[in-house]
Amino acid sequence: MAVRVGLCIVCTGKYDRFLQPLIDSAEEWFFRGEEYDIYLFTDAPSRLLKSRRASIFPVAVEHKPFPFIAMERYKFISEYKDFRADYLFYIDVDMRFVGEVGAEILPRDKDLVATRHPGFWKHGWGSKKTHPASVAYVPPSKWYGYACGAFEGGTREGFVEASKDMWGNILRDVEKAAEIGHEGLLVDMADETYWNAYIKEHPAHLLPPSYCYPETWHIPFEKKILALKKSLKEVR
């Protein structure tokens, strides 16, 4: 393959238990036979990690509670200056590759790649409580094609630009909420809501829920990447 692919991972706090198993699974299934990059945003940059094919670039970040650390992924990605991969894919650290993932995920005629949410692959919308004054508000007439926030990406330029725009949108909502004294202005599904609003205006190549397949579910898709079952109370 003539192009290089990179994984962006945010791992802080108690989520560190998922990191090496995720890397091990990528070793087996992610762009087999190719070298790739891992851009790791972490509060433990000196952590020792093993990988045969991946070059790992740790970046020190501060741990913050959910949902702030989830939304700050866009800050980290937009501010990092040393990406060398041609394509970037953000993946939640509590995921696991279980099937071959390769060139089929690369965008074709678009700059961005999104993954259909496994809970809304037939119909429905996951961010129904977003305040109309939010930058990320999507009107009910556009409640279709809902994407998850666990696996997303695109070309380097496209995804970095999208991350920059979404981080700017988050900051604008924070400022607006402070001005009007309305904490509820901030969206209910955090990063995922901003991502869905963004790809309504900047259409993405849409992958099936195979790339975010809940570990204990049974839906009619091939398992490529599992979203692991976990206790949110324990890890957050």
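Preceding block: the structure.
Everything numeric here is computed off the predicted structure, so don't read it as measured data.

With respect to the element layout, serine 78 can be found in helix H3 (residues 73-79). Once you skip the residues sitting within four places of it in the chain, serine 78 turns out to touch Val160, Ser163 and Lys164. Side-chain polar atoms of serine 78 contact the backbone oxygen of tyrosine 74, separated by 2.8 Å. From its side chain, serine 78 meets the backbone oxygen of lysine 75 in a polar contact 3.1 Å long.

The buried fraction of helix H5 (residues 191-201) amounts to nine of the eleven residues, a majority that puts the element mostly inside the structure. All buried positions along H5 are accounted for by Asp191, Glu192, Thr193, Tyr194, Trp195, Asn196, Ala197, Tyr198 and Ile199.

On to unusual backbone geometry, then. Of note, the phi angle at phenylalanine 31 is positive, near 45 degrees, even though the residue is not glycine. Structurally, the position occupied by phenylalanine 31 is in the loop between helix H1 (19-29) and strand S2 (36-42).

Our next topic: the nonpolar core. The biggest cluster of nonpolar side chains holds 39 residues, and the ones touching the most others in it are Leu7, Phe30, Phe89, Ile91, Phe97 and Ile105. Those elements that place two or more of their residues in this core are strand S1 (5-11), H1, S2, strand S4 (87-91), strand S5 (95-97) and strand S10 (225-227). Looking at this core, the element that brings in the most residues is H1, giving five residues. Setting aside its immediate chain neighbours within four residues, isoleucine 91 contacts Leu7, Cys8, Ile9, Leu22, Phe97, Ala150, Phe151 and Ile225.

Cut-offs and rules
- Residues numbered from 1 in each chain as written.
- Predicted model: local features only at pLDDT ≥ 70, side-chain atom pairs only at ≥ 80, totals over all residues.
- Heavy atoms only, no water.
- Helix = DSSP H or I, 4+ residues; strand = E, 2+ residues; numbered from the N terminus.
- Contact = heavy atoms within 4.5 Å.
- Polar contact = N/O pair within 3.5 Å; in protein donor to acceptor, adjacent residues only side chain to side chain.
- Buried < 20%, exposed > 50% of the residue type's maximum accessible area, 1.4 Å probe, protein only.
- Core = buried A, V, L, I, M, F, W, Y, C linked by side-chain atoms within 4.5 Å.

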